[in-house]
Amino acid sequence: MNNHIENTAFVLIDFDNYIDLDTESLDETSLERELKDIFVDSIRSFSGVDVVHFRLYGGWLKEFSQTRRASKIVQMLSNINIFPFINQQEQRIIKGDIELANSLLKVPGITWGNTLTERNGVRRLRINQEALDESCFLNSQSCPPSILYHFTKHKGKTCSVNGCIKIQKDVFKAVEQKMVDTMIACDVITISKEIGIKGIYVLSDDFDHLPSIALASTIKSDPNLKIKLGLKNKNLIPYFQSSLTGLQIEIKHYE
């Protein structure tokens, strides 16, 4: 990490979990509005901050090549102007940056080049039998849930439609992120052990981040470090609050 971290705040965004838009739906205006809202909230929460580092985590690299989604976001970020920001109330200039996180703060020399993976076929799906009705069972040969269930039993399954020889693993591709949650957890712990940092702000609706946030709040080296969690799904607030009971962690709900 940079040695000059005095009065710094880190904003860690689990991008695909928090900004839930597909590649085609992403637009520069919406992204800029999201980031500016988070930035304003950050400087209100972490008073006296001079620098705000945004780190966006996601499946940015596939076989060490930037994905189309990552390329589009990088292009958008080049046109988004947040920094420098003049804080009129405190009469200070706040600097910062926004980057796609492809390495760890503590190990910047290693690029994690496979945060997006693709494999042929999908895992077997399970059916909620209670959600089906009598017509589903009487028409199992034409019922989409039943057809999909049987077709995904194993990757070598052949389509049940007469004359069709398509195989499941050739038809479906499973695309998923790898290491993203672990990278966020590692960075949360790394930041919590530094002196002089004003705040850590994690934005995600993912339960997987709760353990690292809880740990960071108990092992932080600087007693003045504030930790904040931002989420969009208001139904998760009671669970998040009960999970973090007794810990000095602020929870913010975004509409």
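Check the entry above for the structure.
Here we summarise the structure given alongside this text. (Residues numbered from 1 in each chain as written. Predicted model: local features only at pLDDT ≥ 70, side-chain atom pairs only at ≥ 80, totals over all residues. Heavy atoms only, no water.)

Side note on the overall build of the protein
Which entries qualify depends on this criterion: Put simply, DSSP marks the helices as runs of H or I at least four residues long and the strands as runs of E at least two long, and each gets a number from the N terminus on. Summary of the burial criterion: residues with accessible area below 20% of their type's maximum are buried, those above 50% are exposed, and those between are partly exposed, where the area comes from a 1.4 Å probe applied to protein chains only. Two residues qualify as a contact provided that any one of their heavy atoms is within 4.5 Å of a heavy atom in the partner residue. Reported accessibility uses the Shrake-Rupley method at a 1.4 Å probe radius. Residues are deemed covered only where the shown protein chains occlude them. When charges are counted, neither His nor the chain ends are considered; positive counts come from Lys and Arg and negative counts from Asp and Glu. To locate a charge, take atom NZ for lysine, CZ for arginine, CG for aspartate or CD for glutamate.
Regarding its fold elements, the protein presents nine helices and eleven strands. Along the first, second and third principal axes, the C-alpha set of the protein runs to 75 × 40 × 30 Å. Taking all 255 residues of the protein together, the buried fraction comes to 41%. Within the protein, counting contacts between residues at least 6 apart in sequence, those at least 24 apart form 75% of the total. As displayed, the protein has an accessible area near 14,300 Å², and 50% of this comes from carbon and sulfur atoms. Positive and negative side-chain charges in the protein, numbering 30 and 32 respectively, have mean positions lying 4 Å apart.

A few points about the packing of aromatic side chains
This is how it is decided: A pair of aromatic rings is counted whenever rings of Phe, Tyr or Trp (Trp by its six-membered ring) have centres within 6.5 Å, and the orientation is called stacked for planes under 30 degrees apart, edge-to-face for over 60 and tilted otherwise.
Here the structure, examined in full by the defined rule, presents ten aromatic pairs. Look at Phe39 and Phe83: their rings are 5.2 Å apart centre to centre, the planes differ by 85 degrees, and that puts the pair in the edge-to-face class. One end of the pair, Phe39, is in helix H2 (residues 28-45); the other, Phe83, is in the loop between helix H3 (68-77) and strand S5 (85-87), and 44 residues separate them in sequence. Since its relative accessible area comes to 1%, Phe39 is described here as buried.

Quick notes on the pairing of strand S2 (residues 51-57)
Definition in use: Two strands pair under a simple rule: DSSP has to find at least two bridges between them.
Most of S2 sits out of view: six of its seven residues are buried. Of the pairings in the sheet, the one linking strand S1 (residues 8-14) to S2 comprises seven bridges and is parallel in character. When the bridges of S2 are listed, Asp14 appears paired with Tyr57. Note: S2 against strand S6 (residues 92-100), six bridges, orientation parallel. Counterpart to Val51 in the pairing with S6 is Lys95.

Regarding the packing of helix H7 (residues 180-192) against helix H8 (residues 210-219)
Put simply, the test is: Angles shown run from 0 to 180 degrees and are taken between the N-to-C directions of axes, each axis being a line fitted to C-alpha atoms and, for helices, limited to the stretch in contact. If an angle is under 35 degrees, it is roughly parallel; if it is over 145, roughly antiparallel; if it lies from 65 to 115, roughly perpendicular; otherwise it is oblique. By the convention adopted, Pro, Cys, Tyr, Trp, Phe, Met, Ile, Leu, Val and Ala count as nonpolar, Lys, Arg, Asp and Glu as charged, and the other residues, Gly among them, as polar.
It is the contact of H7 with H8, at a shortest axis distance of 9 Å, that shows an interaxial angle of 10 degrees. In terms of orientation, H7 lies roughly parallel with respect to H8. Across the interface between the two elements, Ala185, Val188, Ile189 and Ser192 of H7 pack against Ser212, Ile213, Leu215, Ala216 and Ile219 of H8. Partitioned by chemical class, the residues of the contact of H7 with H8 number seven nonpolar, two polar and no charged.

Here we look at the environment of Asn233
Within the secondary structure layout, Asn233 lies in the loop between strand S10 (226-231) and helix H9 (237-243). Considered as a pair, Asn233 and Ser42 are 191 residues apart in the sequence and their alpha carbons are 19 Å apart. Sequence-distant contacts of Asn233, defined by excluding residues within four places in its chain, comprise Asp205 and His253.

Observations regarding the side chain of Asn87
Note that Asn87 resides in strand S5. Using a relative accessible area of 10% as the deciding quantity, one classes Asn87 as buried. Not counting residues up to four positions away in its chain, the partners in contact with Asn87 are Ile43, Arg92 and Ile94.

Comments concerning the nonpolar core
Formally: Joining through side-chain atoms within 4.5 Å is the link that ties buried Ala, Val, Leu, Ile, Met, Phe, Trp, Tyr and Cys residues into a set, and such a set is a nonpolar core.
Grouped together as the largest cluster of nonpolar side chains are 30 residues, with contacts concentrated most on Ile13, Leu31, Ile38, Val52, Phe54 and Ile73. For this core, the secondary-structure elements that each account for two or more residues are S1, helix H1 (15-18), H2, S2, H3, S6 and strand S9 (197-203). Ranked by the residues each element gives to this core, the list is headed by H2, at five residues. Aside from chain neighbours lying at most four places away, what touches Val52 is Ala9, Val11, Phe39, Ile43, Phe83, Ile94, Lys95, Gly96 and Asp97.

Here's the deal with the sheet that holds strand S11 (residues 249-253)
Read from one edge of the open sheet, seven strands run S5-S6-S2-S1-S9-S10-S11, paired in mixed fashion. For this open sheet the edge positions go to S5 and S11, each flanked by a neighbour on one side alone. The mean inter-strand angle of the sheet, taken between neighbouring strand axes irrespective of direction, is 20 degrees.

What to know about the pairing of S6
Pairing of S5 with S6 involves three bridges; the strand directions are antiparallel. By the bridge assignment for S6, Phe85 is matched with Ile94. Between S5 and S6, which pair antiparallel in sequence order, lie four residues; one of them, Gln91, sits at a positive phi of approximately 50 degrees.

These figures come from the coordinates and say nothing about function on their own.
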